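Chain residues, written in single-letter form:
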Amino acid sequence: MKKRIFYWISGRNVKKPVVSDIIKTYDVDVTILKAKMEPSEGFLTLELNGNEDSLVNSVEYLKEYGEVEDISQPIQKKEEKCIDCGACIVHCPVGAIKFEEDFSVTFDIDECIGCKTCAKICPTKAIIVYDL
Amino acid sequence: MKTIKQINEKIKNGDAVIVTAEEMISIVEEEGAEKASEIVDVVTTGTFGAMCSSGVFLNFGHSDPPIKMMKTYLNGVEAYSGVAAVDAYLGATQANSDDDISIDYGGAHVIEDLVAGKEIELEAEGYTTDCYPRKRVSTIITIDDLNQAMLFNPRNCYQSYNSATNSRDEKLYTYMGKLLPEFGNLNYSGAGQLNPMQNDFNTTTKTYNTFGVGTKIFAGGAQGYIAGEGTQHSPASGFGTLAIQGNLKEMDTKFIRGATIPKYGSTLFMGIGIPIPVLNSEIAQTCAIRDEDIKVPILDYGIQRRDKPTLGVTNYKDLRTGKLSMELDINGEKVDKCIRTTSVSSYKTSREIAGELKDWIVNKEFFLTERVAELNTCAPKSMKADAKLVRDIIKRPPIVAKATISVPEASKILIEKNINHLPIVDENNCIMGIITSWDIAKAMAQSKTTISDIMTKYVVWASPDEPIEMVAKKMSANNISGLPIVDNNKKVLGVISAEDISKLIGHYI
Ligand code: SF4
Ligand code: SF4
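Note that the coordinates shown come from a computational prediction; the quantities given were computed from them, not determined experimentally. (Residues numbered from 1 in each chain as written. Chains lettered and ligands numbered in written order. Predicted model: local features only at pLDDT ≥ 70, side-chain atom pairs only at ≥ 80, totals over all residues. Heavy atoms only, no water.)

Asker: It is not clear to me how the interface of chain A and chain B should be interpreted in this structure. Could you clarify?
Answerer: Many analyses report the size of an interface as the accessible area lost when the parts associate. On the side of chain B, 25 residues touch chain A, which itself brings 23 residues to the contact. Summed over both partners, the interface of chain A with chain B buries about 1800 Å², with 57% contributed by carbon and sulfur atoms. When residues of chain A are sorted by the area they lose upon contact with chain B, I83, V90 and F103 of chain A head the list and together hold 34% of the total. Linking chain A with chain B are two salt bridges. Linking D84 of chain A and K348 of chain B is a salt bridge whose minimum nitrogen-to-oxygen distance equals 3.6 Å. Inspection of the chain A/chain B interface yields 12 residue pairs in polar contact (both at pLDDT 80 or more). (Contact = heavy atoms within 4.5 Å. Buried area = accessible area lost by both parts, 1.4 Å probe. Salt bridge = Lys/Arg side-chain N within 4 Å of Asp/Glu carboxyl O. Polar contact = N/O pair within 3.5 Å; in protein donor to acceptor, adjacent residues only side chain to side chain.)

Asker: Sorry, what's going on with the site of ligand 1 here?
Answerer: In the vicinity of ligand 1, 13 residues are found, and the nearest of them are C92, C112, C115, K116 and C118 of chain A. A per-class count over the shell around ligand 1 returns 10 nonpolar, two polar and one charged. (Near = heavy atom within 4 Å. Nonpolar A, V, L, I, M, F, W, Y, C, P; charged D, E, K, R; others polar.)

Asker: What should I look at first to understand the site of ligand 2 in this one?
Answerer: Contacts to ligand 2 come from C82, I83, D84, C85, G86, C88, V105, C122, P123, T124 and I127 of chain A. Broken down by class, the residue content of the shell around ligand 2 amounts to eight nonpolar, two polar and one charged.

Asker: Got a minute to help me understand the sheet that holds strand β29 (residues 431-436) of chain B in this structure?
Answerer: Residue and element names in this part refer to chain B. The strand order across the open sheet formed by three strands is β27-β28-β29, and the pairing between neighbours is mixed. Each of the sheet's edge strands pairs with one partner strand only, and the pair in question is β27 (401-402) and β29. When β27 meets strand β28 (residues 421-425), the two strands line up parallel, connected through two bridges. Within β28, the position partnered with K402 by the bridge is V425. Each of β27, β28 and β29 is contacted by helix α8 (residues 407-417), which is oriented at about 135° to β28, the strand it contacts most. (Pairing = 2+ DSSP bridges. Helix = DSSP H or I, 4+ residues; strand = E, 2+ residues; numbered from the N terminus. Axes fitted to C-alpha atoms, helices over the stretch in contact; angles between N-to-C directions.)

Asker: Would you take a moment to explain the packing of aromatic side chains for this structure?
Answerer: Aromatic rings considered in pairs are described by the distance between their centres and by the relative angle of their planes. Residue and element names in this part refer to chain B. Taken as a whole and judged by the stated rule, the model has 17 aromatic pairs over all chains. On the basis of an interplanar angle of 55° and a centroid distance of 4.6 Å, the ring pair of F57 and Y89 is categorised as tilted. Of this pair, F57 sits in strand β4 (residues 55-59) while Y89 sits in strand β7 (residues 87-91), and the two are 32 residues apart along the sequence. With a relative accessible area of 29%, F57 lands in the partly exposed category. Looking at Y89, the relative accessible area reads 18%, which means it is buried. (Phe/Tyr/Trp six-rings, centres within 6.5 Å; stacked < 30°, edge-to-face > 60°. Buried < 20%, exposed > 50% of the residue type's maximum accessible area, 1.4 Å probe, protein only.)

Asker: It is not clear to me how the sheet that holds strand β1 (residues 18-20) of chain B should be interpreted in this structure. Could you clarify?
Answerer: By definition, the strands of a sheet pair up through backbone hydrogen bonds, in either a parallel or an antiparallel sense. Residues and elements named next belong to chain B. With mixed pairing, three strands are arranged side by side in an open sheet as β1-β2-β22. Two strands close off the open sheet at either side, each with one partner strand: β1 and β22 (275-277). Mean inter-strand twist for the sheet, computed between neighbouring axes without regard to direction, equals 25°. Sheet analysis places β1 next to strand β2 (residues 42-44), joined by three bridges and oriented parallel. Directly across from T20, in β2, lies its bridge partner T44.

Asker: Could you clarify how one ought to interpret the packing of α8 of chain B against helix α9 (residues 437-446) of chain B in this entry?
Answerer: Helices that pack against each other are described as a pair by the angle of their axes relative to one another and the distance between those axes. All names here are of chain B. Packing of α8 against α9 leaves a shortest axis separation of 10 Å and a crossing angle of 145°. In this structure, α8 meets α9 at a crossing whose hand is left-handed. Residue-level contacts link V407, A410, S411 and L414 of α8 to S437, I440, A443 and M444 of α9. The residue inventory of the contact of α8 with α9, partitioned by class, reads six nonpolar, two polar and no charged. (Left-handed = near helix turned anticlockwise from the far one by under 90°.)

Asker: Help me understand a positive patch on the surface in this model?
Answerer: Taken together, the side chains of K34, K36 and K120 of chain A together with K171 and K263 of chain B present a region of like positive charge at the surface. For K36 of chain A, the location among the structural elements is in strand β2 (residues 29-38). On the basis of relative accessibility, which here comes to 47%, the residue K36 of chain A falls in the partly exposed class. (Patch = residues over 30% accessible without salt bridge, like charges linked within 9 Å, V, L, I, M, F, W, Y side chains within 5 Å. Areas by Shrake-Rupley, 256 points an atom, 1.4 Å probe, with all protein chains shown as cover. Lys, Arg positive; Asp, Glu negative; His and termini not counted. Charge placed at Lys NZ, Arg CZ, Asp CG, Glu CD.)

Asker: What is the right way to look at the pairing of β7 of chain B in this model?
Answerer: The side chains of a regular strand alternate between both faces of the sheet. Residue and element names in this part refer to chain B. In terms of burial, β7 is a largely internal element, four of the five residues being buried. As paired elements, β4 and β7 share five bridges and run antiparallel to each other. Within β7, the residue paired with V56 across the bridge is L90. In this antiparallel pair of consecutive strands, strand β6 (residues 77-84) and β7, the connection spans two residues.

Written as structure tokens, this is what we have:
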């Protein structure tokens, strides 16, 4: 199973290899979707892939060094605003947006990492962003 | 051979056969054009995309005491009121007078809000005369309070449009949307096989088979008319355009939508559909045009000139697959590249428009009109304005140096030649880096001794074909005061400084 999280790591621990630790210890696959390191803290968006136990354990481990927040639904498309132009499609870094057979544009919210690129590009401002 | 009158009779009797341009494709494929022209009476088309050249004439009625409006604002967006006392034209691309809002709520958004029946703040200032003693007016109106709200779009419904990509190493925000660096995407616009202009275009005569001035059309959800050819109309090159008009009061926000193209401007998404009477087999054949038959040139918007280089030609069918493989010439090398494509107009809504127009005709709510005159054939001209290019102000020979010189030697060159920027080159005179007097000063303070330690290696450069306006933009964006000028092989031809540019601009004014 798959789980997406935001991870904040405190300044004391930024040098600790927490991501490789969970990979080694709990046998999860990790994709780093976003990473920003500041002098006194770090922000990561991670996708964890593994069985339920390994996910729970990984999250527990990560929590020892920072804070974990589940990525729930970060954005929503207002159907009545969207004109199905497709301008957003190529700008989604994880390919969560696509044209259906009938040329309507749909979002796979489970894939979305909340980067907001689509919201910035959308000419009709059809994407609502829930700031986390 | 049929006539429009006969077709209208059939519509009245409920016997007419009406199909959309998409449906017509398979009919002509299966039955042939001759038979198809006997079976089908009307083909409906549709397109829905950003049409910047859109706007509305509004008549506000007279206030008491009357005012001659001179500066007129609707929700903070200026409408041009040098038309008559209480008439104004509001253009879709007009930005908001509030800098903080600017293109996020512009003319197009006011037009959408009018169509939606929302309340709009009207502020106007006049100049007083005996007829019009009032100086100012400030009130709230809706579209129902207006005498007329007449959509008039001087240029709509492009027959073809280029697709856009970007060769540069920085992203660009264009009217074709955001273009990622290094050919990161290819954006296209247009309804292709549903496009009215494509379906009526006679490739032999380079004119339109059936429509012209006075043709009744679907405009933004209402019944409107073709007013004539649009501005920059260029049928000979396949880039015909239309001027259209319609009653905004009857339009529908589903087919007329305010939008903002990021960092470009506000624009109106307009829906236009045109019925084509199938009078003969030639017309039937033309209406069967398919996405794959419509050529779309691929232009490099990275070259910010009027004439952008064409990198190749594709078609709507390939564009709609979402990716395109093409061979590109990158720095003189042939490279195969797979570029992701995306549309910036709506095929889905174009389809809905063709379908809606079909329903109108089936339901006897819409009858075809005979054109009053054909569209003029024109060929657009370019503006007479000289482009000053980098090559025009290049100083020769270029002053450059090798990375092997010492810091004091470099500083000597800067002082003796009275320059601020010294490009560092390899044995072929190709750019490796650049040194400024500031770098030298820093080197002294930090006791650094070799050129390669102190030079800027990530060099922003200009090509001789770039307009100086572009170079000025580059300098301010990168916060630098001079750029090396390099040819295609990165060989240094000279340096252009902010000072050179300001001298030139002074000269211009
Ligand atoms: S916010 Fe938009 S662009 Fe970013 S991942 Fe989600 S759907 Fe894709
Ligand atoms: S860019 Fe906006 S309007 Fe266009 S398809 Fe995406 S969400 Fe819809």
